[in-house]
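# Remarks on the overall topology
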Amino acid sequence: MKITILSGKGGTGKTTVATNLALSLNNAQFLDADVEEPNSYIFVKPNFADRKELVWREVPKIDQEKCTNCQECVEFCEYNALASFGNDLMVFPELCHSCGGCKHICPEGAIIEDNKEAGQIKWTPDVNGLEFWQGELNIGEISAVPVIEQLKEHINEEKTVIMDAPPGTTCPTVEAAIDSDYCIIVTEPTPFGLHDLKMAVEVVKKLDKPYGVIINRSENDANQIIEDYCTAEDIPILLRIPFKRQIAELYSEGFPFIEELPEWQERFKEVLGEIEKVIE
Amino acid sequence: MKIALTAADNTGLEAKVDPRFGRASYFGIVDLELMEVEFIDNSAANASSGAGIQAAQLLSDQEIETLISVKVGPKAFDALQSAGIDIYTVDGGKLKEVVELYKNENLNKLDNPTNPGHMG
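Quick caveat, the model's predicted, so the values are computed rather than measured.

### Details of the overall build of chain B
If you tally the helices and strands in chain B, you get 3 helices and 6 strands. Tracing chain B from N to C terminus, the helices and strands come up as β-β-β-α-β-α-β-α-β. For 120 residues, the compact-globule estimate of 2.2 N^0.38 gives 14 Å, and chain B sits close to it at 13 Å. Along the first, second and third principal axes, the C-alpha atoms of chain B reach 35 × 25 × 25 Å. Evaluated residue by residue, chain B yields a buried proportion of 49% over its 120 residues. Considering only residue pairs separated by 6 or more positions, chain B has 51% of its internal contacts joining residues 24 or more positions apart. Summed over all atoms, the accessible surface of chain B reaches about 5,900 Å², with 43% contributed by carbon and sulfur.

And the structure:
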């Protein structure tokens, strides 16, 4: 079973939910797909040793002998990764989205594939019973998608897979959610939280995934804004994590709060039970 | 000789220099002998990425050899260098004033990008 943890808004508690949930379960695999700034490792504390693989993506390289400077590739490239000055065709690999269109369109076969390192993947087979994987996007890379795609190749279907998705509602988030069996949307009881929750709900609806909401920094009075919306839209609220100083302090020190508040392990297990009922 | 300046509007030599290169609203092409300006729309202004590169391509296609702007980032700088276009920078002002500064050799030729790159 694959569960993706997402949120429209950043900073709502995706990583808090993902790490505490994964550490509460038996036989779980964790994938940190928030590859622009993966931070689950701060709480899980894996030792990657030298377990690492690189992520490559294809970018064009010009065979200058075959290139007739017809500029068809320059006109084709939506991202201006190619430019032609005089007889010199220039490639700007950092702007290339690796669509392969230029290679396809070149009448002379003058575009050959080159590889650019997009990021890397690190893992550890066992940290406190958890199998832990993390994707990292190189600085300056234009898209997180290739790293998330390769990270997903390591999904172990035998385990309960918990994936921490990138925040937002764009391609990287979709890439992290598209193969999952269930989506947990984390939100906070603020107007921003509600606004971005609505956007995340739109995405999971389009992906046709079953989903539920976890409210982080939950407070009775403030919650109304989220509760009203979820009631109106018939969205289950799986869990409410209270706005408590102790939880905030543990977070700031890099500790999963289930370690100090073990009763929460049971609550996270119950969440998994609810999800299993929905999927079956 | 014709030089190009980034221009915020296309009203004439009273127009202000646009502080952006790749996403400048217009390019003013000035004939230095006649002191006349022609404007071209910057088709790169709304590019999803690589506006500076596309703008350099546009100027290269117009056979421009000299550009005056305020800021030129690293990718645009590389592209302009490849195109053999000399770059001069100015803090701002009207096209007329800036052209006079250029004629009197009061502008510095750019040897490096003015600012680090940004994505998109």
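On we go from here.
### Section: the environment of Asn156 of chain A
Residue and element names in this part refer to chain A. Residue position: Asn156 is located in the loop between helix 5 (145-152) and strand 8 (160-164). Relative accessible area serves as the criterion here: at 22%, Asn156 is assigned to the partly exposed category. As for Asn156 and Glu131, which are separated by 25 residues in sequence, their C-alpha atoms are 9.4 Å apart. Beyond its immediate stretch of four places on either side in the chain, Asn156 contacts Gln29, Glu131 and Val161.

### A few points about the confidence of the model for chain B
Residues and elements named next belong to chain B. Of all residues in chain B, 98% attain a pLDDT of 70 or more, and the chain-wide mean is 93. When the elements of chain B are averaged for pLDDT, strand 6 (residues 108-109) gives the smallest value, 92, and strand 4 (residues 66-69) the largest, 97. Predicted as a complex, the structure gets a pTM of 0.82 and an ipTM equal to 0.77.

### Here's the deal with the side chain of Gln29 of chain A
By secondary structure assignment, the location of Gln29 of chain A is in strand 2 (residues 28-32). Beyond its immediate sequence surroundings of up to four residues, Gln29 of chain A is in contact with Leu130, Glu131, Trp133, His154, Ile155, Asn156, Lys159, Thr160, Val161 and Ile162 of chain A.

### Remarks on the interface of chain A and chain B
Tallying the contact residues gives 15 residues for chain A and 16 residues for chain B. Of the roughly 1,200 Å² buried between chain A and chain B, counting both surfaces, carbon and sulfur atoms make up 61%. Here chain A and chain B share 0 salt bridges between them. At the boundary of chain A and chain B, one finds 5 residue pairs in polar contact (both at pLDDT 80 or more).

### A closer look at the packing of helix 1 (residues 51-61) of chain B against helix 2 (residues 74-82) of chain B
Residues and elements named next belong to chain B. Closest axis-to-axis distance for the helix 1/helix 2 pair is 8 Å, and the angle between their directions is 20 degrees. In this view, helix 1 runs roughly parallel relative to helix 2, as classed from their interaxial angle. In the packing of helix 1 onto helix 2, the handedness of the crossing is right-handed. Note on element contacts: helix 2 touches helix 1 through Lys75, Ala76, Ala79 and Leu80, opposite Gly52, Ile53, Ala56 and Leu59. Per-class residue counts for the contact of helix 1 with helix 2 are 6 nonpolar, 1 polar and 1 charged.

Scoring rules and cut-offs
- Residues numbered from 1 in each chain as written.
- Chains lettered and ligands numbered in written order.
- Predicted model: local features only at pLDDT ≥ 70, side-chain atom pairs only at ≥ 80, totals over all residues.
- Heavy atoms only, no water.
- Helix = DSSP H or I, 4+ residues; strand = E, 2+ residues; numbered from the N terminus.
- Rg over C-alpha atoms; globule rule 2.2 N^0.38 Å.
- Buried < 20%, exposed > 50% of the residue type's maximum accessible area, 1.4 Å probe, protein only.
- Contact = heavy atoms within 4.5 Å.
- Areas by Shrake-Rupley, 256 points an atom, 1.4 Å probe, with all protein chains shown as cover.
- pLDDT = per-residue confidence, 0-100.
- Buried area = accessible area lost by both parts, 1.4 Å probe.
- Salt bridge = Lys/Arg side-chain N within 4 Å of Asp/Glu carboxyl O.
- Polar contact = N/O pair within 3.5 Å; in protein donor to acceptor, adjacent residues only side chain to side chain.
- Axes fitted to C-alpha atoms, helices over the stretch in contact; angles between N-to-C directions.
- Parallel < 35°, antiparallel > 145°, perpendicular 65-115°, else oblique.
- Left-handed = near helix turned anticlockwise from the far one by under 90°.
- Nonpolar A, V, L, I, M, F, W, Y, C, P; charged D, E, K, R; others polar.

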